Amino acid sequence: MSGGGMAPMVTHDGIMETSFQFIYSDETYRIDVISEKRLRWTRVAGDNAGQSDEETYVFDVLSPEIILLTWIEADGLGLSNVLNLRAGTLITHANHAREVFQNKGQHSLEAA
């Protein structure tokens, strides 16, 4: 199902065993929500396609249609992802070694 078809209020339980595609201009990731605390990201398009790892994440509902997924990768890259489930938009704020940047994209949601 695409982000535009999502019901207005999402819960943490509601994203268990789902997958998101994070689509940026130069790369795409598949995010598999494995449990309440763990997810797996896989780069499916772009440089280093196939790269993957499992991370501990934090989830929060910012509004009935907007969620936040945050994690820190093994190399120290911190990612905060704001997903608008109705509009299908994605804003990622990232930080690494005291550098901060923003990456805007789109997302899609499907049952895992």
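About the criteria used
Throughout, residues of each chain are indexed from 1 in the direction in which the sequence is written. Only residues with pLDDT of at least 70 get local features here, since the model is predicted, and only at 80 or more are side-chain atom pairs given and counted; chain-wide, interface and lining totals rely on the full set of residues. Computation of side-chain values covers all heavy atoms of the structure but excludes hydrogens and water. A pairing counts as a salt bridge when a side-chain nitrogen of Lys or Arg comes within 4 Å of a carboxyl oxygen of Asp or Glu. For helices the rule is a DSSP run of H or I covering at least 4 residues; for strands it is a run of E covering at least 2, with both sets numbered from the N terminus onward. Exposure classes here rest on a 1.4 Å probe applied to the protein chains alone. A residue is buried below 20% of its type maximum, exposed above 50%, and partly exposed in between. Note on aromatic contacts: the rings of Phe and Tyr and the six-membered ring of Trp form a pair at centre separations within 6.5 Å, being stacked when their planes are under 30 degrees apart, edge-to-face when over 60 apart, and tilted otherwise. In this description, contact between two residues means that some pair of their heavy atoms is separated by no more than 4.5 Å. Polar contacts, as counted here, are pairs of nitrogen or oxygen atoms within 3.5 Å of one another; within protein the pair requires one atom able to donate a hydrogen and one able to accept it, and residues that are adjacent in sequence qualify only if both atoms are side-chain atoms. Residue types Ala, Val, Leu, Ile, Met, Phe, Trp, Tyr and Cys, when buried and joined through side-chain atoms within 4.5 Å, form a set referred to as a nonpolar core. We call two strands paired when DSSP finds no fewer than two bridges between them.

What to know about the pattern of salt bridges
Consideration 1: A full pass over the atoms with the stated rule returns five salt bridges.
Consideration 2: Between Arg43 and Glu27 there is a salt bridge, with the nearest N and O atoms lying 3.6 Å from each other. Taken together, the residues Arg43 in strand 3 (residues 38–45) and Glu27 in the loop between strand 1 (18–23) and strand 2 (28–33) connect sequence positions 16 residues apart.
Consideration 3: Residue Arg43 is classed as buried on the basis of its relative accessible area, which comes to 14%.
Consideration 4: The exposure class of Glu27 is buried, given its relative accessible area of 17%.
Consideration 5: For Asp32, the salt bridge identified is with Arg30, shortest N-O distance 2.8 Å.
Consideration 6: Exposure remark for Arg30: the relative accessible area of 25% places this residue in the partly exposed category.

A few points about the packing of aromatic side chains
Where two aromatic rings form a pair, the distance of their centres and the angle of their planes describe that pair.
Consideration 1: Scanning the model with the defined rule gives three aromatic pairs in all.
Consideration 2: For the pair Tyr29 and Trp41, a centre-to-centre distance of 6.1 Å together with 70° between the ring planes defines the contact as edge-to-face. In this pair, Tyr29 sits in strand 2 while Trp41 sits in strand 3, placing the two residues twelve residues apart along the sequence.
Consideration 3: We classify Tyr29 as buried; its relative accessible area is 12%.
Consideration 4: A connected cluster of aromatic rings, assembled from ring pairs, spans Tyr24, Tyr29 and Trp41.

Focus on the environment of Glu27
Consideration 1: Placed 76 residues apart in sequence, Glu27 and Asn103 show a C-alpha to C-alpha distance of 11 Å.
Consideration 2: Residue contacts for Glu27: discarding those within four places in its chain leaves Phe22, Arg43, Ala45, Gly46 and Asn103.
Consideration 3: Of note is the side chain of Glu27, whose polar atom sits 3.1 Å from the side chain of Tyr29.

Quick notes on the nonpolar core
Taken as a class, soluble globular proteins show a tendency for nonpolar side chains to be buried jointly.
Consideration 1: Membership of the largest hydrophobic core comes to 23 residues, with the highest contact counts inside it found for Ile15, Phe20, Phe22, Tyr57, Leu69 and Trp71.
Consideration 2: Broken down by secondary-structure element, the contributors of at least two residues to this core are strand 1, strand 2, strand 3, strand 4 (52–63), strand 5 (66–72), strand 6 (78–84) and strand 7 (89–96).

Some thoughts on the pairing of strand 7
Consideration 1: Relative to strand 7, strand 6 runs antiparallel, the two being bridged by seven bridges. Bridge assignment links Leu83 to a residue of strand 7, and that residue is Leu90.

Remember, this is a structural readout, not a statement about activity or role.
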